[in-house]
Amino acid sequence: MTLIVTMKSTVLSGIVTMLPLAVMVRADTPPALQLLQAHVLDWPQRLDASGLSECGGALLAVADNIDHDIFKIDLSGTTATIHPYVSLTVTDRPAVDFSIKHRLQHFADGLFNHHRFDWEGIDCTDQGYVLASESDARLYYFSNNGIQTGYTDIYPQAVKAGWFQVYNAFIEGIAYWQGTFYGAAERDPRGMFTVHRDSDAVVFSDLPNDTGLTFVRNSLDIADLDIFDGDLYTLERNASAICKRTLEGFTSLSCYSYEAVEWSDQYGYRDTQYGIGEGVAVTATRLYVLLDNNGKGRIADSDDTRAILLEFIKPEHF
């Protein structure tokens, strides 16, 4: 597909003082979300959960270490379960068109990770699903039965516009709303892009920082997106927060924090230097945050390396 870049990124503002420790200290913290339940997700192998979406009443997830499955998280029983839901068939995956530096890094990464897609986002569309591949810097489109229907290359246009400067910090999160795909550039700089389904145009723009947030070690990033009822929700991973934003200009309207849960002795994980929230899903009454513990054990039990889904009560008017 031919893409058109129409905006150039600008330097992020609102940089805050670097913190020497992972624990965050704020003078004016966002209000805390109320935890309803923390769901431990049983899976027979390491599950690096990396993207989340609510589709037709179902919670769907992808993992950056598993290429060929969309997972479904079932909360209807007494315990949460996660299982493969849609098997993916990729029919068109050409070689990446990266810079020489990033191509070498991509090649080296592939030697260890077998050139996996590194899925970092999922959403449902009118025709099926869209998944964001960080390793390819592409959006891949699939039918309802998991057959690939196309893809969009983001990388060449992103680099020309000043984005995707750091390898493995490309696309992080995808959301679909009324014919437009909304994607996030992870960091250095972080930002947003849109892809219009009918015109194939790609527009890059900055993601304004909410001044009430403080990021671990001053690492401003974005981990996932969701859109509910015309509002954009961003998972501000290293600030342990979810922000509600406008779809025009991406201005922050309000933010809520899940920091107290993520860093607690009861639910927290060992050896984490940064935030580990990787997926967010929004419904009329709930906010879900999917944690990617990267195989680390919990503080309360070092042998428990299972991922956790945090279920919060959605605040009124949020």
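Residues numbered from 1 in each chain as written. Predicted model: local features only at pLDDT ≥ 70, side-chain atom pairs only at ≥ 80, totals over all residues. Heavy atoms only, no water.

Caption draft 1: Here's a closer look at the confidence of the model for the protein chain. Looking at the protein chain as a whole, the pLDDT averages 89, with 91% of positions reaching at least 70. Counting contacts from residues 1-27, a segment whose pLDDT is below 50, to residues more than four positions away or on other chains yields 71 contacts. (pLDDT = per-residue confidence, 0-100. Contact = heavy atoms within 4.5 Å.)

Caption draft 2: Broad picture of the packing of aromatic side chains. According to the stated counting rule, one finds 19 aromatic pairs in the structure shown. For the ring pair Tyr140 and Tyr151, a centre distance of 6.1 Å and an interplane angle of 40 degrees mean the geometry is tilted. You can see Tyr140 sitting in strand 8 (residues 138-143) and its partner Tyr151 sitting in strand 9 (residues 148-153), a full 11 residues away along the chain. Both residues of the pair, Tyr140 and Tyr151, count as buried. One residue, Arg138, lies across the ring of Tyr151, its end atom 5.0 Å from the ring centre. In this arrangement the basic side chain of Arg217 is found over the ring face of Tyr274, its NZ or CZ atom lying 5.7 Å from the centre. (Phe/Tyr/Trp six-rings, centres within 6.5 Å; stacked < 30°, edge-to-face > 60°. Helix = DSSP H or I, 4+ residues; strand = E, 2+ residues; numbered from the N terminus. Buried < 20%, exposed > 50% of the residue type's maximum accessible area, 1.4 Å probe, protein only. Lys NZ or Arg CZ within 6 Å of the ring centre and 35° of its normal.)

Caption draft 3: Geometry of the state of the cysteines. For the structure on display, the rule yields two disulfides. With a sulfur-sulfur separation of 2.5 Å, Cys55 is cross-linked through a disulfide to Cys124. Taking the sign of the torsion about the S-S bond as the criterion, the disulfide between Cys55 and Cys124, at about -105 degrees, is left-handed. Taken together, the residues span a long stretch of sequence, with Cys55 in strand 2 (residues 49-55) and Cys124 in strand 6 (residues 119-124) at a distance of 69 residues. For Cys124, a relative accessible area of 24% puts it in the partly exposed group. (Disulfide = S-S within 2.5 Å.)

Caption draft 4: The sheet that holds strand 13 (residues 202-206), seen in detail. With antiparallel pairing, four strands are arranged side by side in an open sheet as 10-11-12-13. The two strands at the open ends of the sheet, each matched to only one other strand, are strand 10 (171-177) and strand 13. Within the sheet, the average angular offset between the axes of one strand and its neighbour, ignoring direction, is 20 degrees. Note: strand 12 (residues 191-196) against strand 13, five bridges, orientation antiparallel. Within the sheet, the bridge partner assigned to Met192 lies in strand 13 and is Ser205. (Pairing = 2+ DSSP bridges. Axes fitted to C-alpha atoms, helices over the stretch in contact; angles between N-to-C directions.)

Caption draft 5: Summary view of the side chain of Ser50. Tracing the backbone through its elements, the reader meets Ser50 in strand 2. Those residues within four positions of Ser50 in sequence are excluded, and the remaining contacts are Val62, Ala63, Asp64, Trp119, Glu120, Gly121 and Glu278.

Caption draft 6: Just the sheet that holds strand 7 (residues 128-133), in detail. Here four strands make up an open sheet; going across it, the order is 6-7-8-9 and the pairing antiparallel. Bordering the open sheet on either side are strand 6 and strand 9, each of which pairs with just one other strand. Each adjacent strand pair in this sheet contributes to an overall mean axis angle of 20 degrees, direction not counted. Pairing analysis gives five bridges linking strand 6 to strand 7, with the strands arranged antiparallel. Looking across to strand 7, one finds that Ile122 is bridged to Leu131.

Caption draft 7: View of a nonpolar patch on the surface. Together, Phe107, Leu111 and Phe112 make up an exposed nonpolar region whose accessible area comes to about 400 Å². Mapped onto the elements, Phe107 comes out in helix 1 (residues 100-113). (Patch = residues over 30% accessible without salt bridge, like charges linked within 9 Å, V, L, I, M, F, W, Y side chains within 5 Å. Areas by Shrake-Rupley, 256 points an atom, 1.4 Å probe, with all protein chains shown as cover. Salt bridge = Lys/Arg side-chain N within 4 Å of Asp/Glu carboxyl O.)

Caption draft 8: The arrangement of unusual backbone geometry in detail. In the segment running from Asp188 into Pro189, the intervening peptide bond is cis, with an omega of -5 degrees. Checked against the element boundaries, Pro189 lands in the loop between strand 11 (180-185) and strand 12. Positive phi outside glycine occurs at Phe164, with the angle close to 55 degrees. As for its placement among the helices and strands, Phe164 is situated in the loop between helix 2 (155-160) and strand 10. The class of Phe164 is buried, set by a relative accessible area of 1%. The phi dihedral of Ser240 falls on the positive side, at around 50 degrees, and the residue is not glycine. Along the chain, Ser240 falls in the loop between strand 15 (231-236) and strand 16 (241-245). Ser240 gets classed as buried once you look at its relative accessible area, which sits at 0%.

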